[in-house]
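Okay, here's what each chain looks like letter by letter:
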Amino acid sequence: MKILVPIKRVPDPELKAKLKDGKLDLGGAQWVVNTFDEYAVEAALRLVENADSGDRDGEVIVVTIGPDDAGVQLRSCLAMGADRAIHVQGDDVELDSLMVAKTLKAVYDAEKPDLILMGKQAVDGDANQCGQMLAGIAELPQATFAATIEVVDEGKALVVGREVDAGVEYKKLPLPALVTVDLRIVSPKSVVNHVTPDDHEYSDGPRYASLKGIMKAKKKPMDQKTMGDLGVTATAVVTELEVTLPEARAAGQIVESVEELVKKLHEDAKVL
Amino acid sequence: MGNVVALCETNGATLRSNALSVISLARKAAELHGGEVILLLVGKGVSAAADDACRYAPKVVVVDNDGLENYLAETYAPILAKVAQDQGASIVCATATAIGKDVMPRTAALLDSGMASDIADIETADTFKRATLAGNAFSRVKISSDIICVTVRQSEFSPADALDSVGTKSDAEAGELNSYGAEFVKLEGGGGGDRPDLNDASIVIAGGRGMGNGDNFAILEKLADTMGAALGASRAATDAGYVPADWQIGQTGKIVAPDLYFAVAISGAIQHLAGMKNSKTIVAINKDNEAPIFQIADYGLVAKWEDTIEPLTAEIAKLKASQV
Ligand SMILES: Cc1cc2nc3c(=O)[nH]c(=O)nc-3n(C[C@H](O)[C@H](O)[C@H](O)COP(=O)(O)OP(=O)(O)OC[C@H]3O[C@@H](n4cnc5c(N)ncnc54)[C@H](O)[C@@H]3O)c2cc1C
């Protein structure tokens with residue numbers, strides 16, 4: 001199976017947001033691979049490998065649209081085990097989801113993968129749009145919010161368990177298809193390719209890059225492209241005007257007993 | 001300027017409560033756009049809910065077709081796009097439910113439109129306010145496409161009231177249905193039971209990893225029953241399998257803003273706070289007085305749940321009994 005995994009860099013979500021002139025101050029940002037995208041890389045590797053024998057049948061290609069520095073995040077995906085990378089030059093602030101989707105469509109046309117596997121949302125913008133837009137433009141079936149993926153029909157289709165409001169919805173997609181992943185896709189038994197023995201349990205979470213992986217990643221191919229090379233002429237229709245920080249909640253109080261709590265909820269907060 | 005088409009989810013003969021939030025947004029947007037609110041019902045048998053929908057808007061468009069028995073983004077998105085165009089829409093919107101989030105970006109792609117996800121407000125005809133960075137920042141975005149696609153955060157829009165006059169219903173064709181081979185297989189339900197829906201409840205009780213196991217949630221269920229509350233959980237609790245995944249509250253789970261929120265044995269990670277910090281009153285019960293949840297709680301009780309939940313349930317039951 002040939003899998004294309006679009007990834008995005010985001011400022012480290014654990015660090016506090018700072019503002020400058022009504023925009024996020026990213027001057028000192030620590031950039032990391034968007035959590036969900038990292039999970040998509042993990043899921044892609046699980047789909048193409050035999051975790052017992054270490055053999056691999058298929059290819060995992062990571063692609064990002066971003067400035068020069070974004071190559072660092074591509075390398076870390078290569079170090080996890082992706083085979084090669086495509087770096088499309090782009091300036092984060094000039095992009096919107098639709099442009100990204102159109103650019104990825106051009107990459108999809110050039111690479112013709114069996115599957116596009118991506119994070120369900122970027123943890124900075126929290127938009128949750130790109131995958132569905134790309135599926136729409138590329139006329140592919142889609143399964144968003146994947147918690148499980150099982151390869152069926154001799155590798156010609158997937159059954160995806162999707163996290164929906166009322167539980168888990170199972171949806172079957174013939175390949176080629178597009179899947180966006182949710183957090184639980186990296187649980188020990190969430191990806192079943194029937195090549196790795198079905199009872200195999202992965203350790204929870206995305207794999208770390210080994211030292212060997214990091215060394216190997218340095219030699220793996222990374223194609224450099226521009227949007228122009230890909231024939232993408234779209235410009236952004238969504239622009240961010242301003243960023244503000246929410247008002248802090250007024251400081252609360254510590255109560256000493258259950259009785260005091262109930263009294264205050266009843267008399268002061270008037271919620272009981 | 002143009003009309004506002006709002007996709008509304010239905011349940012038998014009525015609109016789902018989440019639909020009332022997108023209707024609120026649609027009314028505000030229609031005013032800013034000088035257009036009309038048009039509610040759109042899509043699915044097999046949705047005609048049954050048309051009368052209910054007509055109470056909320058001057059116009060209701062129904063696409064009722066046997067081929068739409070199960071929701072699929074592949075078949076729904078082209079219908080949304082076509083109705084939007086036929087109805088002269090400048091805004092197409094839905095509530096950010098699992099369906100809204102899945103179908104609206106695909107619709108935007110078909111319309112070559114920009115989209116604002118999970119918005120907290122519409123400020124001018126083309127400017128929207130929305131939370132980003134797990135709720136740690138707000139972003140104001142402006143969208144320049146002819147049609148703008150929007151999903152709304154249910155907790156930010158109070159449910160719309162019915163209008164005095166009743167709207168008119170019309171049917172529209174589904175057109176050719178193409179699922180691109182995708183098929184619905186089955187739905188495995190979570191486990192909310194008879195309790196109120198997390199998104200609609202005015203009181204939510206959420207348990208975290210500190211509950212230790214799934215059986216211990218029974219004690220929270222009893223507390224919930226005394227108040228008619230919904231139950232939720234942190235990701236650590238859902239991941240550990242204590243409770244179903246659809247109980248998860250947070251950046252990647254449900255986003256709730258009830259009148260009263262209890263966080264029990266939850267540390268208060270930013271991703272969890274993203275899903276509940278707009279609750280009116282927050283109560284935290286945690287044995288660690290340094291847990292970050294206490295920084296946003298209105299009332300904090302530093303204690304073990306083992307020592308507090310039963311007495312709390314009894315105390316609230318006593319209060320309730322005195323109120324009748
Ligand atoms: C991309 C991403 C998205 C995420 N999305 C979400 C999300 O949507 N929702 C979410 O919740 N998390 C989310 N998380 C996870 C989040 O970062 C935290 O790991 C999680 O919220 C922790 O859950 P917790 O508070 O239950 O567990 P812990 O952090 O382990 O806290 C347990 C708490 O229980 C207390 N405790 C233990 N025993 C007792 C006792 N007997 N009585 C009272 N208190 C006790 C402890 O003092 C502690 O504070 C996400 C993480 C990532 C990376």
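What counts, and where the lines are drawn
- Residues numbered from 1 in each chain as written.
- Chains lettered and ligands numbered in written order.
- Predicted model: local features only at pLDDT ≥ 70, side-chain atom pairs only at ≥ 80, totals over all residues.
- Heavy atoms only, no water.
- Near = heavy atom within 4 Å.
- Polar contact = N/O pair within 3.5 Å; in protein donor to acceptor, adjacent residues only side chain to side chain.
- Areas by Shrake-Rupley, 256 points an atom, 1.4 Å probe, with all protein chains shown as cover.
- Helix = DSSP H or I, 4+ residues; strand = E, 2+ residues; numbered from the N terminus.
- Nonpolar A, V, L, I, M, F, W, Y, C, P; charged D, E, K, R; others polar.
- Contact = heavy atoms within 4.5 Å.
- Buried area = accessible area lost by both parts, 1.4 Å probe.
- Salt bridge = Lys/Arg side-chain N within 4 Å of Asp/Glu carboxyl O.
- Pairing = 2+ DSSP bridges.
- Axes fitted to C-alpha atoms, helices over the stretch in contact; angles between N-to-C directions.
- Parallel < 35°, antiparallel > 145°, perpendicular 65-115°, else oblique.
- Left-handed = near helix turned anticlockwise from the far one by under 90°.
- Domains from an automatic or database assignment.

## With respect to the site of the ligand
Okay, step 1: Within the structure, the ligand sits among 27 residues, and Arg209(B), Ser234(B), Ile249(B), Ser267(B) and Gln271(B) are positioned closest to it.
Okay, step 2: Among the chains of the assembly, those with residues near the ligand are chains A and B.
Okay, step 3: The separation between an oxygen atom of the ligand and a polar main-chain atom of Gly253(B) is 3.4 Å.
Okay, step 4: A distance of 2.9 Å is found between a nitrogen atom of the ligand and a side-chain nitrogen or oxygen belonging to Glu306(B).
Okay, step 5: Computed on the free molecule, the ligand has an accessible area of 990 Å², of which 84% lies beneath the protein chains in the complex.
Okay, step 6: For the shell around the ligand, the elements supplying multiple residues, two or more each, are α6 (235–239), α7 (270–273) and α9 (305–323) of chain B.
Okay, step 7: A breakdown of the residues in the shell around the ligand according to their chemical character gives 8 nonpolar, 13 polar and 6 charged.

## Some thoughts on the interface of chain B and chain A
Okay, step 1: With 85 residues of chain B in contact, the opposing surface of chain A contributes 72 residues.
Okay, step 2: Taking both partners together, chain B and chain A bury about 6,400 Å²; carbon and sulfur atoms supply 57% of that area.
Okay, step 3: Three residues stand out in chain B for area buried against chain A, namely Leu133(B), Arg140(B) and Tyr299(B), and they jointly supply 10% of the buried area on that side.
Okay, step 4: Our count for the contact surface shared by chain B and chain A stands at 6 salt bridges.
Okay, step 5: The residue Glu242(A) makes a salt bridge to Arg140(B) at a minimum N-O spacing of 2.8 Å.
Okay, step 6: At the boundary of chain B with chain A, the tally comes to 43 residue pairs in polar contact (both at pLDDT 80 or more).
Okay, step 7: Among the residues forming the side of chain B that touches chain A, the class breakdown is 38 nonpolar, 26 polar and 21 charged.
Okay, step 8: Across 3 bridges, strand β16 (residues 253–255) of chain A lies against strand β17 (residues 299–302) of chain B in parallel orientation. Residue pairing in the sheet places Gln253(A) in a bridge with Tyr299(B) of β17(B).

## Here we look at the packing of helix α3 (residues 97–111) of chain A against helix α4 (residues 130–138) of chain A
Residues and elements named next belong to chain A.
Okay, step 1: Packing of α3 against α4 brings their axes to within 9 Å, and their N-to-C directions diverge by 50 degrees. Between α3 and α4, the angle falls in the class oblique. Here α3 and α4 pass one another in a crossing that is right-handed. Between α3 and α4, the residues in contact are Ser-97, Leu-98, Val-100, Ala-101, Lys-102, Leu-104, Lys-105 and Tyr-108 and Cys-130, Met-133, Leu-134, Ile-137 and Ala-138, respectively.
Okay, step 2: For the contact of α3 with α4, a count of residues per class yields 10 nonpolar, 1 polar and 2 charged.

## Topic: the sheet that holds strand β15 (residues 238–244) of chain A
Okay, step 1: The strand order across the open sheet built from 10 strands is β15(A)-β9(B)-β8(B)-β7(B)-β10(B)-β6(B)-β1(B)-β4(B)-β5(B)-β11(B), with neighbouring strands paired in mixed fashion. Each edge of the open sheet is held by one strand with a lone partner, namely β15 of chain A together with β11 (168–171) of chain B. Taking the axes of each pair of neighbouring strands and ignoring which way they run, one obtains an average angle of 35 degrees across the sheet.
Okay, step 2: Alignment of strand β1 (residues 3–7) of chain B against strand β4 (residues 37–42) of chain B, held across 4 bridges, turns out to be parallel. Within β4(B), the residue paired with Val5(B) across the bridge is Ile38(B).
Okay, step 3: Each of β1, β4, β5 (59–63) and β6 (89–95) of chain B touches helix α3 (residues 73–86) of chain B; the most contacted strand, β4(B), lies at about 155 degrees to it.

## Section: the domain arrangement of chain B
Residues and elements named next belong to chain B.
Okay, step 1: In terms of domain boundaries, chain B breaks down into domain 1 (3–171) and domain 2 (203–322).
Okay, step 2: Placing a centre on the C-alpha atoms of domain 1 and another on those of domain 2 gives a separation of 32 Å.
Okay, step 3: Contacts between the two partners involve 7 residues from domain 1 and, on the opposite side, 8 residues from domain 2.
Okay, step 4: Between domain 1 and domain 2 lies a buried interface of about 620 Å² when both sides are counted; carbon and sulfur atoms form 47% of it.
Okay, step 5: Interface area lost by domain 1 to domain 2 is led by Ala-134, Arg-153 and Ser-155, which between them contribute 62%.
Okay, step 6: One can count 0 salt bridges joining domain 1 with domain 2.
Okay, step 7: Scanning the region where domain 1 abuts domain 2 turns up 2 residue pairs in polar contact (both at pLDDT 80 or more).

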